[in-house]
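# Understanding the architecture of this molecule
What follows is the residue order along each chain.
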Amino acid sequence: DKHRPAEMSWFWTLLLGIGLFGGGVLAFLIASTRIVLPYDESHSGVTRADLLAINDKLLDFIQHDRITLAGTMLGLGVIYIALSWFGSRNGHHWAYKSIVVSAFVGFFSFFMFLGFGYFDPFHAFVTAIMFQFVAMSMHSHISPVKVRTLPELTNDADWQRSLWGQLMMVIHGLTLIVAGITISSFGITTVFIEDDLKFMETTYEEICTPHPMLLTLVAHDRATFGGMTLSTGLAVLMAGLWGFRRGNRWLWRALMSGGTLCYLMTLWVHWKVGYTSVLHLIPVYLGLAMLWTSGCLSYRHLCTVEFIDEKPRKS
């Protein structure tokens, strides 16, 4: 390639994926230890000790929201990294489009929680940095096609099973999109759902009336998580629509590893804090089941044939 990596779009989307994964690690470390940061306490007007005094399960509830968000960031980061390095770098333009569309929706979701009056300075800083990566990718060169798959000469059983796996992955992506929109809608309206209040054994009035700014803190987490879930759903949907081709083992590994990491972290934190309502966790179990059903059905088609290396032809 005559262009330096920094002149290529895949380089900047790769940095986006690495940054998102690193942000997920940092978010997990914070949520696993301190949980709330000093500016969270300053904005809400309550300290970490006050949160425990208001409700002994409130801090656990905030931790469950934030670790779930961290898991989603880690999973999406894995998918972005794979789409950049194995997809966009090799000239698969669908991979680049998947990242850009997904990322733009995530960036716009940043503004949802501003309706409650909470401006998260750290979140704003990270978003501004990440947005520059996407902007740079749009002003960089797109890689020419470097690989091709073997031609499909027969519709064998592996290919037929993979069609069902592809359908399941598309449904999985659409489900995540609906979940992201639903979570975001709660984040900018009622914030708490009935299961949340049952878990904390309290009422909306007992939590929010004495501490109105506390609602904005929880709304911020909900809106951010909803936006991140929506972005993940778009990336999964487009990868399912365009990337299920024979030999794309890298895509299979990215979707399975990123998705499983996200779901297992979500289940782990719910079990850790005791938020084990069956109704609340059914979507998580169903999502994990859809992911692995798709993976099992498409494994042989995607993973048993390698790419054939082929240099771009000169025009």
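Residues numbered from 1 in each chain as written. Predicted model: local features only at pLDDT ≥ 70, side-chain atom pairs only at ≥ 80, totals over all residues. Heavy atoms only, no water.

## So, empty space enclosed by the protein
- Under the criterion given, the structure shown has one cavity of 30 Å³ or more.
- There is about 650 Å³ of room inside the largest cavity.
- Around the largest cavity, the lining is made up of 34 residues, and of these L69, M73, H123, T224 and M228 lie nearest the centre.
- Only helix 1 (9–32), helix 2 (38–44), helix 4 (58–87), helix 5 (93–108), helix 6 (121–138) and helix 10 (212–242) provide two or more residues apiece to the lining of the largest cavity.
- With seven residues, helix 1 is the largest single contributor of residues to the lining of the largest cavity. (1 Å grid on protein atoms, 1.4 Å probe; cavity = no way out; pocket = protein on both sides within 12 Å on 5 of 7 lines; lining within 4 Å. Points joined across faces, edges and corners; volume = space filled by probe spheres on them. Helix = DSSP H or I, 4+ residues; strand = E, 2+ residues; numbered from the N terminus.)

## Quick word on the side chain of R222
- In this fold, R222 is placed in helix 10.
- Looking at R222, the relative accessible area reads 6%, which means it is buried.
- Not counting the four nearest positions on each side in its chain, R222 is found in contact with F61, H64, D65, I183, G187, V191, F192, I193 and D196. (Buried < 20%, exposed > 50% of the residue type's maximum accessible area, 1.4 Å probe, protein only. Contact = heavy atoms within 4.5 Å.)

## Digging into the packing of aromatic side chains
- Enumeration over the complete set of coordinates arrives at 15 aromatic pairs.
- Ring geometry for F61 against F192: centres 5.6 Å apart, planes inclined by 40°, an arrangement best described as tilted. Of this pair, F61 sits in helix 4 while F192 sits in the loop between helix 7 (157–187) and helix 8 (194–200); the two residues are 131 residues apart in sequence, bridging distant segments of the chain. Both residues of the pair, F61 and F192, count as buried.
- Ring centres 5.1 Å apart and planes at 70° place the aromatic pair W252 and Y299 in the edge-to-face group. Placement of W252 in helix 11 (residues 249–273) and of Y299 in helix 12 (residues 278–303) is noted, with a sequence separation of 47 residues between them.
- Given a relative accessible area of 40%, Y299 falls into the partly exposed group.
- Cluster of aromatic residues (ring-pair linked, three or more members): W10, F11, W12, W85 and F133.
- Directly above the ring of W85 sits R89, whose terminal nitrogen or CZ lies 3.8 Å from the centroid. (Phe/Tyr/Trp six-rings, centres within 6.5 Å; stacked < 30°, edge-to-face > 60°. Lys NZ or Arg CZ within 6 Å of the ring centre and 35° of its normal.)

## A closer look at the layout of surface pockets
- The computed volume of the largest pocket comes to approximately 890 Å³.
- Around the largest pocket, the lining comprises 36 residues; the ones closest to its centre are A179, I183, F225, P283 and V284.
- Counting residues per element, the ones that place at least two in the lining of the largest pocket are helix 4, helix 7, helix 10, helix 11 and helix 12.
- In terms of residue count, the dominant contributor to the lining of the largest pocket is helix 7 (nine residues).
- Along the lines of polarity and charge, the residues of the lining of the largest pocket split into 18 nonpolar, 15 polar and three charged. (Nonpolar A, V, L, I, M, F, W, Y, C, P; charged D, E, K, R; others polar.)

## A closer look at the environment of E205
- By secondary structure assignment, the location of E205 is in helix 9 (residues 204–208).
- The exposure class of E205 is exposed, given its relative accessible area of 51%.

## Thoughts on the packing of helix 4 against helix 11
- Direction vectors running N to C along helix 4 and helix 11 enclose 175°, while the axes themselves pass 9 Å from each other. Taken together, helix 4 and helix 11 sit at an angle that is classed as roughly antiparallel.
- For the contact of helix 4 with helix 11, a count of residues per class yields 18 nonpolar, 11 polar and two charged. (Axes fitted to C-alpha atoms, helices over the stretch in contact; angles between N-to-C directions. Parallel < 35°, antiparallel > 145°, perpendicular 65-115°, else oblique.)

## Examining the confidence of the model for the chain
- Taken residue by residue, the chain gives an average pLDDT of 88. The fraction at 70 or more is 92%.
- No element of the chain has a lower mean pLDDT than strand 2 (residues 308–309), at 40, and none a higher one than helix 11, at 97. (pLDDT = per-residue confidence, 0-100.)

## With respect to helix 11
- Look at helix 11: 36 Å from first C-alpha to last across 25 residues, which is about the 36 Å you get at 1.5 Å a residue.
- At the C-terminal side of helix 11, G274 shows a positive phi close to 85°. (Expected span 1.5 Å × (residues − 1).)

## Some remarks on the pattern of salt bridges
- The full count for this structure, using the stated rule, is 11 salt bridges.
- A salt bridge links R34 to E41; its shortest N-O distance comes to 3.1 Å.
- Taking relative accessible area as the criterion, R34 reaches 36% and is therefore assigned partly exposed.
- Residue classification places E41 among the buried residues on the basis of a relative accessible area of 17%. (Salt bridge = Lys/Arg side-chain N within 4 Å of Asp/Glu carboxyl O.)

## Comments concerning the nonpolar core
- Judged by nonpolar contacts, the single largest core of 41 residues is most densely connected at L16, Y80, L83, L251 and L255.
- Looking at this core, the elements with two or more residues in it are helix 1, helix 4, helix 5, helix 6, helix 7, helix 10, helix 11 and helix 12.
- Per-element accounting of this core gives the leading share, eight residues, to helix 11.
- What Y80 contacts, discounting residues up to four positions off in sequence, is L16, G17, L20, I99, S102, A103 and A235.
- Counting residues in hydrophobic clusters, the runner-up holds 29 residues, among them A31, V36, L215 and A219. (Core = buried A, V, L, I, M, F, W, Y, C linked by side-chain atoms within 4.5 Å.)

## Digging into the side chain of T72
- Structurally, T72 is set in helix 4.
- The residues contacting T72, other than those within four sequence positions of it, are F225, M228, T229, T232 and C262.

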